[in-house]
Amino acid sequence: MASWLGGLGSGLGQSLGQVGDSLSSLTGQISSFTKDILLEGAEEVGDAATELHVSNSRLREIESINAAQKFENDRLKKVCSDLEEKHEAAELQIKQLSIEYRNQLQQKEVEISHLKARQNALQEQLQKVQTAAQTAQLGAGVLPAATASASYVPEVRHSSGFEGDDMDFGDIIWSQQEINRLSNEVSRLESEVDHWKQIAVELKQNLSQEIDEHQHELSVLQDAHRQKLVEISRRHREELREYEERIEELENRLQQDGVSTDAVDDPEFTEQKKKAQSPDGGQVEELQVVKDLEDEIRKLNHKLSSAKAENKNLLKEQEFAKLEKIQIAQDYEKLKSDFNALQRSVAGQDALLKEQKQLQSKTSVPQDVVSLQQALLEAENEIARLCSLNQGLEKELTSAQHKHENILSSNTEDQNSEINQLRRDLERKEHELNESITERETLIAELEELDKQNQEATQHMITLKEQMSKQHTETDSLIKQLKLDIDCERKKVSELETEKMKTIKELDSQKEKLSHCSYALNDLHITKQQLQDNIKDLQEQLRKAQECNSHSKKEIGDLQQRLKEREEELRVSFSKLTEKSNEESNCTCQDLILKEREVEIAKLQNEVSENKQINEDLQKSLSNLRIENGKLIAAIEELKQELSDAISEKKKVHLEKDTLVEALKMEKRQLESELNEAEKRLLEQARNYKQTIEELSSARSMDTTALQLEHERLVKLHQEKDFKLSELKKTIEQMEIDHQETKEMLTTSLGGQKQLTDLIKEKEVFIEKYKNQALQAKQELEEYMKVSKKQDVLKQNLEEKDRSLAVMKEENNHLKEEIERLKDQQSRSTPVVEPKTLDIIIELESEVTQLKVIKNNLEEEIKVHKKTIEDQNQATVKLQQSLQEQRKEIDESKLQCQQMNVTHERLFLEKDEEIKNLQKTIEQIKTQLHKERQIIQTDASDLFQEAKVQTLNGENGNEKHDLSKAEIERLVKGIKEREMEIKLLNEKNVSLSQQIDQLSKDEVGKLTRIIQEKDLEIQALNARVSSASYRQDVLSLQQQLQAYVLEREQVLAVLSEKTRENSQLKTEYRNIMDMVAAKEAALVRLQEENRRLSNRSENSSQDMSRETIQNLSRIIREKDIEIDALSQKCQTLLTVLQTSSTGADNGAGGVNSNQFEELLQERDKLKQQVKKMEEWKQQVITTVQNMQHESAHLQEELHRLQAQISVESDSTSRLQVDYNGLIQSYEQNEKKLKSFSQELAQVQHSIGQLYNTKDLLLSKLDLVTPSVATAATVSQLSGVQCSPPEALSEECKLLQNELEQLKKKLQEKDSTIRILQENNQRLSDSVATASEIERKSQEGTESEMRQIKEKHDVLQKSLREKDILIKSKSDQLLSVSENLSNKENENELLKQAVTNLKERNLILEMDIRKLKEENEKIVARCREKETEFRALQETNMQFSMMLKEKEFESHSMKEKALAFEKLLKDKEQGKTGELNQLLNEVKSMQEKAVTFQQERDQVMVALKQKQMESSALQSEVQHLHEKEQRLNQELERLRNHLLEMEDSYTREALAAEDREVKLRKKVLILEEKLASSSTAVENASHQASLQVESLQEQLNLVSKQRDESMLQLTISQDQVKQYALSLANLQMVLEQFQQEEKAMYSAELERHQKQSAEWKKKAENLEEKVVSLQVSLEEANAALDAASRLTEQLDIKEEQIEELKKEGEIRREMLEDVQNKLMNLMNSTEGKVDKLLMRNLFIGHFHTPKNKRLEVLRLMGSILGLKKEELDQLLSEEQRGVTRWVTGWLGGGAGSKSVPSTPLRPTHQNIFNSSFSELFVKFLETESCPSLPPPKLSVHHMKPLGAAGTGKTSSTPPNNQMQDSPVSGMGRRPDANPFLAPRSAAVPLITPASSSGHLLMKPISDALPTFTPLPVSPDASAGAVLKDLLKQ
């Protein structure tokens, strides 16, 4: 109710403003319509005066309309403010009402929860009763116990398995299977519970139906009984009245009989009165008799009245009895219905109850029921008997009436007979009275009996109630116990929560550890990369070492060969020494040489050993590196696998993104193509419009006026705007469709993002689960550590025990030895010492036995400990395995998580980029749409309102486009908000865990219903909000804003409630999920989700996305259409409600559905009326259009007139000139008129004189005719000029003729003057009116345009503001609605989870109950065993009795034997007879004793059996009493519940009646309002019809004015022709002037052009000269620079030459010394080879090309002294080529050269093509030359030379040629460069391959400069060199 009222209140805000809206729109339509028609009519008016009048009247009308509209606006504003205030007040009231209703709802829910709790408690009691009934059975009792025990054994084992130390995975699997089985059993029990619940619901429904039927029957019976009672009482009253009337008649007759003796009525009484009154009868006896009779009559009357009173009392008592009977019947029916319901509820257990009845025949419940039924039957019999008695009384009453009638009929008999009869009647009546009294007494007795029975029944009910109350107390105690159990469980839950918090903390620590692990992983990755780099470096070093090793091996081989050669040489030298012993000096030298050789050999050996060590070290490092390499290769393979996985995932993601991007690109292309098409269409339309404009301009002639042109332009503009509007609508629709498609794409992409976020969340969940597993593993490890510690302790104990055992064994051995010694002593010792030794031996043996026992115990303990140790070892092994597996799993999960994180980050980045791109595209689309919207807004001010509606639709489209961006941003924010919410919920988890117990299933259900209702209301409100209103004005926008604010508040309130519920449910969900979470389900989910993701990535394609987008767009369109329809419906309803709410009170609560239906019907009627009005409007529009078609030629003429407004402005200026001329002529004419008037005065004076003379002449002559007088009068009137006549008659005649002529002339002049004046007035009026009209129209149009622009700007600003507000509010609403939907989904999920968990709790409770039932069964078994024990005792007793009987029999037999002995003795003595008698007596006595004993035993057994039966019966009776109490309590509760429900129903019915009354009042008010509105509509239609008639009249006037304007047009056309001729003349003159000016300009232009051409030529010549001079200058400067540079170089060279000469001399001296030494060496060391030379040769071998290596090897062989044959053999064996031999040999090839990079000419051959001998000679030359420092010439000072000197330096320059002189040197080597400094060729420019080698083989440092060589001829001088340079 509250939400519904809230919805109405929020809707009122919209509706209150839309009434004024609709009214203003109606008035606006009518006013605009009239304005348009008036404008059309006004434009067609032609005459100037009529135009003035029309314009003035129009202005007045516009002003009046403006004032009226302002007044209406003010009034509507006031109304709006009032309505807003009322709306706010109504909202406050609605809020209060909603709060009250919510409070009531909460109270009701609390009551319902209490009732349901009671119901649940009673159901539990019922179940307990049923279980107790089941336990009572013998056969059925054993089986369930067995099943239950069997079912609960695994639970115990499960718990013990977890509690024990030696837990195994097999136990876990078994426990999981047990859990599955138990869950299946739980589901089965749940289904059974649902089945029983359904049965209970059906039973309750049947109960309620039967109760309703019984109540109906009771009401029918009560009505029938009341009717009968009413009829009986009515009859009784009528009879009493008849009796009273008869008594009165009798009394009257008696009085009459006192006067007349012939009376009829009561003869005795009358006669006695007569006798008393009559003078004749004076007897006293008769008077006494009469008095006695009167007394008797009075007594009888008194008795009758008392009998009547008693009868009434009896009737009342009868009624009371009947009421009591009805109540008893009702109670009986209720009891019967309750009993039936109970029987039905226990229908499933009827068989068990039957068996129980068979077993226990003496049950008390059925007996009580039967006794109650019997009592009820007796009560019914008594009621029937009372009814029969009542009928008998009625019969007696009827018989009494008949008797009275008979008495009255028999009154006509004689007095005596009548008196006798009266006496008899009196006696009879007395008798009847007595009988009635007796009957009354009997009835009273019966009533008392009934009262007693009723009291007994009530007492029975009270006892039942007491029993029920006892049961209730028991149930309360049980409930308390259950509550205690629940509290315990809650404590456990709190403990679990604390544990959970601890686990969460541990999880956080694990997370930190994980982060550390991730950092460590990153470090490992970095170290791995470093190791890889190290491996690469080591591999390179290995290669280098291998190369060095190979080189060293070769060198070792060479060295070994050399050693052998040296040894041979040594032998030769020794032989030579022996031969040449005389030459001591030579010997000394040889000794020295030998010593040097020995030293060299030792060095070589050391080097060889060092090389060997290095080789060994290298091999070791190689092996280590290989091991490391293998490890690294394995790591690399793992990384490769990970990389491949990551790449595959990345590829999948890229594919998805590519598909999405391609789809978006395709859509973008489509949009662009559509935009291009739209632009093309617009261009084509523009061309068409241009063509139409050209055609119109060609059709338009120059004759027409300005008005026609303007009209034509306006009409065409209107048509163009219509076309543009239609096309823009189409484009807007297309754009909306495209926008919707893009929106859908965005939603799909966002859905993908959401899925990814969900995946991430699930991954986090899995990580948490893995962390939990790790924690569990840790805990297990700790436990195992504890176990291991215990094991250590046990081991220590064992060792101690072993030590004690050893000690004991030693002691045992000692004792044995002592025993043996003692035995020896015993054997030797005397017998005196024996007792002591025996004692000692016994003690020792006892000690030995004890020690053996201890030893056995210890051995057993050792075995046990060994077993435990083995088990623990096995467990530890298993645990280690499981730990390793878990570690592996954790590592894998970590890797997966890292990969997933990386991929997700990439995905998020790419998605963000896509979203940015999409936002850019959306913004572009928005800008385009805004432009179009502005165009639409500028074109929107047209005649009809259809264009307005269309522009508003366009604006709505723009709003949707703006909303899409907001949605994107909001959805992006939504993910972050979700994460924050998750954190907050985790924090709230602990605080809200206490509120779990307060919620119940029913409350949750109710809350869900309320939430669903509110969701529906919210959806309805959203539908209302989202639906764009049909006509959006400023007022409606304000009201919508207010409504949105209110709705937002309501939604926020609902949201707060739902968030609260959500938080509570989440806390419940999490608390219980922590208890019930399973590990395997999570893994299965992971696998399924991975599969799903893979399937999605494979199956996702563009076609599907497009199809979905199209479907969604189609659905959205349909929804928009539905929303528009619904919004129209809502608006109509709200308008009706608004009209109703203004008249009705503020406290009106709501509207009935019937009223809504009536309102809808009335709305349909109004819609039909509106349709009729629209049809009429369309008819009017069609008529106007027809009129427009008819006035097509008029419009063309108007267009022409419009085109010639500009021409008319010129003509008006000319007319003003003419007007000035006319004014001047007019002034001249006025002057002439003045002169004429003066002349006329003179003429009149002369005429007067003439008259005087004429009178004289007439008097004299009498010849004047009467015509003269007339002429004179005429001449006086006209005032004609004439000359003064003479006195003669001829002159008079002449004068008369002249006068007549002058009159005629004057008349003509007057007519011309009048015409001129009229023309002047017309012209002046037309000019003034035209100027005034133009001014006014311009001013009016300017002011109107300004006002319109200002209004337009204001409206645009307000619209924009409102749009922004609406967008923000709609965004907020959408976000709130989405949050609501998400919260609802979460609520539903949580509710489902809560319901599931509650069901599980219920299942656990059921399990507890089962356990209790099992306990009860066990107690029953104990009882059964007790009964068995008692039976055994009884059997024992019987056996004891039997024993006693046997003993008695044996005793009797002994007595018999004694008696026989006595008999024998007596026989011997001869006393046989007496003995026989004695024997017989003894036998009889014995038999009697036996019988007595048997009877006693039977009686004892029977007593015990009776005692047992009585105890069993008492227990059963107690059980049944408890059952009865419970059932009675349930009955009472159900009765109370029914009463409460009836009360609530009655209250609701009363409230509903009140509501109906209020709603009917409202309906009446609404009907009145509707009637008033319908009358208003009729008035409006009548006014419209009147306006139509007036418009038709105006059209007729317009047609008349059109005809007049046609006449004016013809006149104006003639004038225009004249003006055109004058214009043509002026144009001719202008053209002549222009031609002359053009000729002048052309001449001057040619002159200037010639001058400019001459100046240009001069400038070009000068520029060429300047360029040539600059070139010559640059050449001269270059020559001077080169000369100066060369001179400097020459000076430097001369200095160098001098230095070189000095050095040459020094070198010569050095050479001579060296030659001397060499000669000595040659003499001493013939056949020796230089080490450096051999190294260079060896290195050079590898640097030479393959085709020249054989020469190198031969040269080496010749140097070493090998024969040609041996060399050829070696070369044929080894045909391998070695690279870069010559270059290495020459110290790097280019090392000997001074030029590093001079390219070779194609004419010259390469260095490698020259022969090896030449190269070797050159090498020796370079080796022998001394080296000098290079010249310090910078490259910057040297100009680069041409190609002439590039290729001439094919080899290095020689150094030894420079010894004598430079000229000679040049003469020897023409290729040499004189500018290059000589240096040793042993220094190479190129770095060698190996770092090892001689210092001379090392490269030159980079600091030394190099330069290009200059080739110069040997004979050339310095001047020649300069000349060559200048030439170059």
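Residues numbered from 1 in each chain as written. Predicted model: local features only at pLDDT ≥ 70, side-chain atom pairs only at ≥ 80, totals over all residues. Heavy atoms only, no water.

K.L.:
Explanation requested: the overall build of the chain in the structure shown.
P.N.:
A tally of helices and strands in the chain yields 30 helices and zero strands. Sorting the 1928 residues of the chain into buried and exposed places 27% on the buried side. Intrachain contacts of the chain at a sequence separation of at least 6 include 87% that bridge at least 24 residues. (Helix = DSSP H or I, 4+ residues; strand = E, 2+ residues; numbered from the N terminus. Buried < 20%, exposed > 50% of the residue type's maximum accessible area, 1.4 Å probe, protein only. Contact = heavy atoms within 4.5 Å.)

K.L.:
I keep staring at the nonpolar core and nothing clicks. Help me out?
P.N.:
Considering soluble globular proteins, one finds that nonpolar side chains tend to be buried as a cluster. Grouped together as the largest cluster of nonpolar side chains are seven residues: Met-1734, Leu-1737, Val-1752, Leu-1755, Met-1756, Phe-1816 and Phe-1819. Elements with a minimum of two residues in this core: α24 (1731–1743), α25 (1749–1760) and α28 (1812–1824). Ranked by residue count, the leading element in this core is α25, at three residues. (Core = buried A, V, L, I, M, F, W, Y, C linked by side-chain atoms within 4.5 Å.)

K.L.:
Whenever I open this one, α24 confuses me. Can you help?
P.N.:
Three- or four-residue spacings in an α-helix give side chains the same orientation, since the helix completes a turn every 3.6 residues. Taking 1.5 Å of rise per residue, 13 residues should cover 18 Å, and α24 covers 19 Å from first to last C-alpha, within 8% of that figure. Buried residues of α24: Met-1734, Asn-1736, Leu-1737, Gly-1740, His-1741 and His-1743, and no others. (Expected span 1.5 Å × (residues − 1).)

K.L.:
What is the right way to look at the packing of α25 against helix α26 (residues 1764–1773) in this model?
P.N.:
Helices that pack against each other are described as a pair by the angle of their axes relative to one another and the distance between those axes. Interaxial distance between α25 and α26 falls to 10 Å at its minimum, and their mutual angle equals 145°. Crossing angle aside, the handedness with which α25 passes α26 is right-handed. Across from Leu-1750, Leu-1753, Arg-1754, Gly-1757 and Ser-1758 in α25, the residues of α26 making contact are Leu-1767, Asp-1768 and Leu-1771. (Axes fitted to C-alpha atoms, helices over the stretch in contact; angles between N-to-C directions. Left-handed = near helix turned anticlockwise from the far one by under 90°.)

K.L.:
Whenever I open this one, the pattern of salt bridges confuses me. Can you help?
P.N.:
When charged atoms on two side chains of opposite charge get close, those side chains can pair. Applying the stated criterion across every chain, the model contains 18 salt bridges. The salt bridge involving Arg-102 is made with Glu-1057; its shortest N-O contact spans 4.0 Å. Placement of the pair is Arg-102 in helix α2 (residues 48–136) and Glu-1057 in helix α15 (residues 1034–1076), with a sequence separation of 955 residues. Here Arg-440 and Glu-310 are joined by a salt bridge, their closest N and O atoms 2.8 Å apart. One end of the pair, Arg-440, is in helix α9 (residues 415–579); the other, Glu-310, is in helix α6 (residues 284–345), and 130 residues separate them in sequence. With a relative accessible area of 24%, Glu-310 lands in the partly exposed category. Connected through shared salt-bridge partners, Glu-178, Arg-181 and Glu-185 make up one network. (Salt bridge = Lys/Arg side-chain N within 4 Å of Asp/Glu carboxyl O.)

K.L.:
Is there a simple way to think about a positive patch on the surface in this case?
P.N.:
A contiguous patch of positive charge on the surface is contributed by Arg-237, Arg-241, Lys-312 and Lys-316. Looking at the positive patch, the elements with two or more residues in it are α4 (169–259) and α6. (Patch = residues over 30% accessible without salt bridge, like charges linked within 9 Å, V, L, I, M, F, W, Y side chains within 5 Å. Areas by Shrake-Rupley, 256 points an atom, 1.4 Å probe, with all protein chains shown as cover. Lys, Arg positive; Asp, Glu negative; His and termini not counted. Charge placed at Lys NZ, Arg CZ, Asp CG, Glu CD.)

K.L.:
In this structure, what is going on with the packing of α9 against α24? I would like to understand it.
P.N.:
Two elements in contact, α9 and α24, have axes whose closest approach is 13 Å; the angle formed by their N-to-C orientations is 140°. In terms of axis orientation, α9 runs oblique to α24. Where α9 crosses over α24, the handedness of that crossing is right-handed. Residues Lys-554, Asp-558 and Arg-562 of α9 lie in contact with α24, whose contacting residues are Lys-1731, Met-1734, Phe-1738 and Phe-1742. Of the residues assigned to the contact of α9 with α24, the class counts are three nonpolar, no polar and four charged. (Parallel < 35°, antiparallel > 145°, perpendicular 65-115°, else oblique. Nonpolar A, V, L, I, M, F, W, Y, C, P; charged D, E, K, R; others polar.)

K.L.:
What's the story with the packing of aromatic side chains in this structure? I'm lost.
P.N.:
Both the distance between ring centres and the angle between the ring planes are used here to describe each pair of aromatic rings. Summed over all chains, the structure comprises two aromatic pairs. Judged by centre distance (6.1 Å) and plane angle (50°), the rings of Tyr-689 and Phe-723 are tilted. On the criterion of sequence distance, the pair formed by Tyr-689 in helix α10 (residues 584–699) and Phe-723 in helix α11 (residues 706–828) is long-range, its members being 34 residues apart. The exposure class of Phe-723 is partly exposed, given its relative accessible area of 45%. Ring centres of Phe-1738 and Phe-1742 lie 5.1 Å apart, and the angle between their planes is 75°; on these two criteria the pair is classed as edge-to-face. (Phe/Tyr/Trp six-rings, centres within 6.5 Å; stacked < 30°, edge-to-face > 60°.)

K.L.:
Would you explain a nonpolar patch on the surface in this entry?
P.N.:
A contiguous nonpolar surface patch, about 350 Å² in accessible area, is contributed by Met-1437, Val-1499, Met-1500 and Leu-1503. At three residues, the largest contribution of residues to the nonpolar patch is made by helix α23 (residues 1472–1724). Tracing the backbone through its elements, the reader meets Val-1499 in helix α23. Looking at Val-1499, the relative accessible area reads 48%, which means it is partly exposed.

K.L.:
Sorry if this is basic, but what is going on with a negative patch on the surface here?
P.N.:
On the surface, Glu-242, Glu-244, Glu-245, Glu-248, Glu-249 and Glu-251 cluster together to form a negatively charged patch. The class of Glu-242 is partly exposed, set by a relative accessible area of 40%.

K.L.:
Would you take a moment to explain the environment of Leu-1595 for this structure?
P.N.:
Locating Leu-1595 in the fold gives a position in helix α23. Exposure remark for Leu-1595: the relative accessible area of 29% places this residue in the partly exposed category. For the pair Leu-1595 and Met-1187, spaced 408 residues apart in the sequence, the C-alpha separation amounts to 8.8 Å.

K.L.:
Can you walk me through the side chain of Arg-1535 in this structure?
P.N.:
Relative to the helices and strands, Arg-1535 resides in helix α23. Taking the relative accessible area as the measure of exposure, Arg-1535 reaches 19% and is therefore buried.

K.L.:
Would you explain α25 in this entry?
P.N.:
Between its terminal C-alpha atoms α25 stretches 16 Å, which fits the 16 Å expected from 12 residues at 1.5 Å a residue. By the burial criterion, the buried members of α25 are Arg-1749, Val-1752, Leu-1755, Met-1756 and Gly-1757. The first or second residue beyond α25 is Gly-1761, which carries a positive phi of 85°.

K.L.:
Can you help me understand the confidence of the model for the chain in this one?
P.N.:
Low pLDDT marks stretches whose predicted atomic positions should not be read closely. For the chain, mean pLDDT is 76; residues scoring 70 or higher make up 75% of the total. Across residues 939–963, where pLDDT falls below 50, the model places 51 contacts with residues more than four positions away in sequence or in other chains. Ignoring residues within four places in sequence, the model shows residues 1777–1808, a span with pLDDT below 50, making 102 contacts including any to other chains. (pLDDT = per-residue confidence, 0-100.)

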